[in-house]
Amino acid sequence: MQAVYDDMQLYVTGDRIFIEPVSPNTKLIVIDRVSHDVTVQDNTGQIPTGASPKHIYGVLGVISLLAGPYLVVVTGKSRVGTIAGQEIWKLDSAELICFQRTLTHLTDTQEQMNKVYISMVESVLATPYFFFSYTYDLTHSQQRLHNTSPEFLKMPLHSRADPRFLWNGHLLRQLPENPSLDKFLLPIMHGFISINSCSINGKPFTWSIVSRRSCHRAGTRLFMRGIDKNGNVANFVETEQIVESSGDRSSFVQTRGSIPLYWQQLPNLKYKPRPTLIGTENHTEAFIKHFEAQIMDYERQVLVNLVDHRGSEGEIEEAYKNMVNRVANPEIRYESFDFHHECRKMRWDRLAVLIDRLAHEQDEFGYFLLLRDGTLSSQQTGVFRTNCIDCLDRTNVVQSMLARRSLTTVLQRLAILRPGQTVEKQDQFEWLFKNVWADNADVISTQYSGTGALKTDFTRTGKRTYLGALQDLSNSVTRYYKNNFMDGFRQDSIDVFLGYYQVSSKECVTVQCPLTVNRGWKYITFPMIFCVAVAMFFANVITPTEYSTGTLLCLLFWGSMITATGATILYYGREFVDYPCLREISYPPQSQP
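Residues numbered from 1 in each chain as written. Predicted model: local features only at pLDDT ≥ 70, side-chain atom pairs only at ≥ 80, totals over all residues. Heavy atoms only, no water.

**Description of the state of the cysteines**
To keep it simple, the criterion reads: Note that a disulfide, as used here, is simply two cysteine sulfur atoms within 2.5 Å. For each residue, the accessible area found with a 1.4 Å probe, counting protein chains only, is set against the maximum for its type, and the residue is called buried under 20%, exposed over 50%, and partly exposed in between.
Throughout the structure, instances matching the rule amount to 1 disulfide. The closest cysteine sulfur to the non-disulfide-bonded Cys343 is located on Cys388, 12 Å from its own sulfur. For the unlinked cysteine Cys391, the closest cysteine sulfur is that of Cys388, found at 5.5 Å. Among the residues examined, Cys391 registers a relative accessible area of 0% and is labelled buried.

Here you go:
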């Protein structure tokens, strides 16, 4: 396999863009800013003398916006560590460079909308975190990499990457197919990576967590739920725990993903919108497609469902359980655990009941272990697919407990832990373990919901605390605001970046600008009345030296106005929510106002 260039100079001149590797090389990329042709040419001194270079660390691809194609390059990176001896990097900054020399071909409206599209792409690239390697395929687990053919391992990194986890796949597809380009193109993965040098009983080892977010059915918390017709589910994440010790390598893989049925939970200003099944869709067909792919990738499946057994979550849980029974696939087992009911009143010790139920299958599934002499000692033969409603907070708690149990087994097998010792009793490492898994929760949650995870005080400390509950309250309020008033733009940004929406040069000329939102009169009127009513209510509370009948009547009037306008805003909640502009949202009939 050829390594990707890790250090290049970018030159932008009046008619061309050049990308030249810093290391001695006879090739360079030449982009014609008039014809937009992208070619790899012999370096024969085409770069004009005096052209100012810009240091870049990778080419992510090309994306077309209103002004035309834009080159996307890495301008900042930081080292994370090494996996299997290969360096892993985090993307710190990226830049878009327009192919066009000027924007005079755009109307004023197009120019303004083009700036919005640029900000969309930049906002996605600024979402924590993107990772890459110039020599290692981050999109595949240790077991998948070991089981591939020698021919596969010789392929360029971007070509052999798992398309589920290749976040710049759309950008790379905009470039011509040319083997000469392969060494310039850098695949990136979205998710979380933590690489840690550890020692227990005086024996050093490296412990890593790699979480890979799928770019299929990617999106924001309330706008992207359930499954699509291709069997892809929202917020699908593959998390791999890797242990390396003196040449031995082990990994344990888990997955999470939205309940694999057609369902919605669209924001409507209520704190917790009611999740609803979409009865018009073929749930069975999509469900079967999803698990056919999962079994092919991971073999046996234990479905750990942590949603409530009552209320609207209970309806989804019942439908999920019935679907598993109807399909009756012997490779699938369903395990339901009402997390909130079982752990009520901070009885988080009850989670041990669930882990005990899963212990037998976890021992059967095992883990991947490749010994230093190249001997394959064991392989993982199944995964736990864990979900709650968001596949964030409850899910991460249970995944960390399963990972800890596997880690104890692996460290004993590698003679790092003595017989009878467990990870929990190693105070220094246990502190690291808890905090890394809590960091994993926060990052995956930020990518999907816009805030850090809830319940991380349990992951970090092993117990639920009142201070943690207050932090959860703060995160919940922030989530509410972002999910209702910011996530439409964020969903549109993801759709543009991943190519689910492709910008047309005709927008805002012969085609209406899709980003233009025409709000109804209620959008301004009712919030204005509500704000005036709140201001007048508190003015009447604060200003009088004594309360007269007139003052009390004013308080009653303005209090009634607050209640009436607040109720009206909630009733027409969808008209006040920031909905995506670039995708069609269908509403279930039963939830129409």
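**Comments concerning the side chain of His140**
Let me state the cut-off plainly: Only DSSP runs of H or I covering at least 4 residues are called helices, and only runs of E covering at least 2 are called strands; the numbering of each starts at the N terminus. We call two N or O atoms a polar contact when they sit within 3.5 Å, provided that within protein one can donate a hydrogen and the other can accept it, with sequence-adjacent residues counted only if both atoms are side-chain atoms.
Along the chain, the position of His140 falls in the loop between strand E9 (130–132) and helix H2 (142–146). Exposure remark for His140: the relative accessible area of 8% places this residue in the buried category. There is a polar contact of 3.4 Å between the side chain of His140 and the backbone nitrogen of Asp162.

**Remarks on helix H1 (residues 108–125)**
Rule in force here: A helix is expected to span 1.5 Å for every residue after the first. Any two residues whose heavy atoms approach within 4.5 Å at even a single point are treated as in contact.
Across its 18 residues, H1 extends 26 Å between first and last C-alpha, which sits within 8% of the 26 Å expected from 1.5 Å per residue. Looking at the buried side of H1, the elements it contacts are strand E6 (58–65), strand E7 (68–83), strand E8 (86–98), E9 and helix H14 (487–498).

**Considerations on the nonpolar core**
Condition: Nonpolar cores were defined as sets of buried Ala, Val, Leu, Ile, Met, Phe, Trp, Tyr and Cys residues, with membership established by side-chain atoms within 4.5 Å.
The biggest cluster of nonpolar side chains holds 41 residues, and the ones touching the most others in it are Leu60, Ile63, Leu65, Leu96, Tyr117 and Val496. Residue assignment for this core shows that the elements contributing at least two residues are E6, E7, E8, H1, E9 and H14. When residues in this core are grouped by element, the largest group, 7 residues, is from H1. Contacts of Leu96, omitting those with residues within four sequence positions, involve Ile63, Leu65, Tyr70, Leu71, Val72, Ile118, Val121, Glu122 and Leu125.

**Digging into the pattern of salt bridges**
The following threshold applies: We count a salt bridge whenever a side-chain nitrogen from Lys or Arg sits within 4 Å of a carboxyl oxygen from Asp or Glu.
One pass over the full model with this rule turns up 37 salt bridges. Among the ionic pairs, Lys272 bridges to Glu313, the shortest N-O distance being 3.1 Å. Here Lys272 is found in the loop between strand E14 (263–264) and strand E15 (276–277), whereas its partner Glu313 is found in helix H7 (residues 311–327), with 41 residues between them in sequence. What makes Lys272 partly exposed here is its relative accessible area of 49%. Where Glu335 meets Arg333, a salt bridge forms, and the shortest distance between an N and an O atom there is 2.8 Å. Residue class for Arg333 comes out partly exposed when judged on its relative accessible area of 27%. One network of salt bridges, in which partners are shared, links Arg144, Asp162, Arg164, Arg212, Glu238, Glu240 and Asp297.

**Observations regarding the environment of Thr127**
In this structure, Thr127 sits in the loop between H1 and E9. When the C-alpha positions of Thr127 and Gln379 are compared, they lie 34 Å apart, and in sequence the two are 252 residues distant. Within polar-contact distance, the side chain of Thr127 engages the backbone oxygen of Ser123 at 2.9 Å.

**Regarding the packing of helix H6 (residues 283–298) against H7**
Going by this rule: Fitted lines through C-alpha atoms give the axes, limited to the stretch in contact for helices. The angle between two N-to-C directions lies from 0 to 180 degrees. Roughly parallel means an angle under 35 degrees; roughly antiparallel means over 145; roughly perpendicular covers 65 to 115; every other angle is labelled oblique. Classification convention: Asp, Glu, Lys, Arg as charged; Ala, Val, Leu, Ile, Met, Phe, Trp, Tyr, Cys, Pro as nonpolar; all other residues, Gly among them, as polar.
Running from amino to carboxyl end, H6 crosses H7 at an angle of 75°, the nearest separation of the two axes being 11 Å. Judged on the interaxial angle alone, H7 and H6 are roughly perpendicular. Where H6 approaches H7, its residues His283, Thr284, Phe287, Ile288 and Phe291 are matched on the opposing element by Tyr320, Met323, Val324, Arg326 and Val327. Broken down by class, the residue content of the contact of H6 with H7 amounts to 7 nonpolar, 2 polar and 1 charged.

**Considerations on the sheet that holds strand E4 (residues 38–42)**
Heads up, the condition is: Note: two strands are recorded as paired if DSSP finds a minimum of 2 bridges between them.
Within the open sheet, the 5 strands sit side by side as E4-E3-E2-E1-E5. Their pairing is antiparallel. Edge positions in the open sheet fall to E4 and strand E5 (53–56), since each of these has one partner strand only. Averaged over all neighbouring strand pairs, the angle between strand axes comes to 25°, with direction disregarded. With 5 bridges connecting them, strand E3 (residues 27–32) and E4 associate as antiparallel partners. Looking at the pairing, Leu28 lines up with Gln41 of E4.

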